[in-house]
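# Analysis of the macromolecular model
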Amino acid sequence: MADTRSDRAATRRSALFGGCALRRHQPLLALLGLVCVGTGIAVAVLVPQTDGPAWVMAVAGCLAAGVLVLVRIGVALLRPSGGAAS
């Protein structure tokens, strides 16, 4: 049975929107991770340390969020399947 025009459109649409978000948005997520790490470093350098625990939590939170995103992307790229599993 031959493909109809509507079948091909559905295939293109599913190819465009198929897969997980990590596979489709790796560059954007990598940029977001780098921005989080950069924000953590900027807060550590520019904001005075007189704020106490709030300063430490802000720096640790920004650094942790950025590192977690970057590690998740790295793990997805190093998987045997060559990318994130859906």
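Structural data are supplied above this passage.
The notes below deal with the structure included here. Worth saying up front: this structure is predicted, and the values here are computed from it rather than measured. (Residues numbered from 1 in each chain as written. Predicted model: local features only at pLDDT ≥ 70, side-chain atom pairs only at ≥ 80, totals over all residues. Heavy atoms only, no water.)

## Considering the overall build of the protein chain
Counting secondary structure elements, the protein chain contains 4 helices and 0 strands. Per-residue burial over the protein chain gives 15% buried out of 86 residues. When the accessible surface of the protein chain is totalled, it reaches about 6,300 Å², and 70% of it is carbon and sulfur. (Helix = DSSP H or I, 4+ residues; strand = E, 2+ residues; numbered from the N terminus. Buried < 20%, exposed > 50% of the residue type's maximum accessible area, 1.4 Å probe, protein only. Areas by Shrake-Rupley, 256 points an atom, 1.4 Å probe, with all protein chains shown as cover.)

## Let's talk about a nonpolar patch on the surface
Together, Ile41, Val45, Leu46 and Val47 give the surface a local cluster of nonpolar side chains, amounting to about 390 Å² of exposed area. By secondary structure assignment, the location of Val47 is in the loop between helix 3 (26-46) and helix 4 (53-78). (Patch = residues over 30% accessible without salt bridge, like charges linked within 9 Å, V, L, I, M, F, W, Y side chains within 5 Å. Salt bridge = Lys/Arg side-chain N within 4 Å of Asp/Glu carboxyl O.)

## A short note on the packing of helix 3 against helix 4
As a packed pair, helix 3 and helix 4 sit with axes 8 Å apart at the nearest point and diverge in direction by 155°. Taken together, the axes of helix 3 and helix 4 are roughly antiparallel relative to one another. For helix 3 against helix 4, the interelement crossing comes out left-handed. Among the residues making up the contact of helix 3 with helix 4, the classes are represented as 20 nonpolar, 5 polar and no charged. (Axes fitted to C-alpha atoms, helices over the stretch in contact; angles between N-to-C directions. Parallel < 35°, antiparallel > 145°, perpendicular 65-115°, else oblique. Left-handed = near helix turned anticlockwise from the far one by under 90°. Nonpolar A, V, L, I, M, F, W, Y, C, P; charged D, E, K, R; others polar.)

## Overview of the side chain of Gln26
By secondary structure assignment, the location of Gln26 is in helix 3. Apart from residues no more than four positions distant in its own chain, Gln26 is found in contact with Ile73, Ala76 and Leu77. (Contact = heavy atoms within 4.5 Å.)

## Describing helix 4
Given 3.6 residues per turn, any residue in an α-helix points the same way as the ones three and four places further on. End to end, helix 4 covers 37 Å across 26 residues, agreeing with the expected 38 Å (1.5 Å per residue, within 8%). Among the residues of helix 4, Trp55, Val59, Gly66, Ile73 and Ala76 are the ones counted as buried. (Expected span 1.5 Å × (residues − 1).)

## Topic: the environment of Leu68
Examined against the element boundaries, Leu68 turns out to sit in helix 4. Accessibility expressed as a relative area gives 61% for Leu68, which makes it exposed. Separated by 31 residues in the primary sequence, Leu68 and Val37 have C-alpha atoms spaced 10.0 Å apart.

## Points about helix 3
Taking 1.5 Å of rise per residue, the 21 residues of helix 3 would be expected to cover 30 Å, and the 30 Å separating its terminal C-alpha atoms lies within 8% of that figure. Taken as a whole, helix 3 has its buried residues at Gln26, Gly33, Val37 and Gly40. Axial view of helix 3: buried residues confined to an arc of 55°, hence all on one face. Opposite the buried face of helix 3, by more than 90 degrees, sit the exposed residues Pro27, Leu28, Leu31, Val45 and Leu46. (Arc of directions from axis to C-beta.)

## Quick word on the state of the cysteines
Throughout the structure, instances matching the rule amount to 0 disulfides. Cys62 supplies the cysteine sulfur nearest to Cys36, a cysteine that is in no disulfide, at a spacing of 6.5 Å. On the accessibility criterion, Cys36 (21% relative accessible area) is partly exposed. (Disulfide = S-S within 2.5 Å.)

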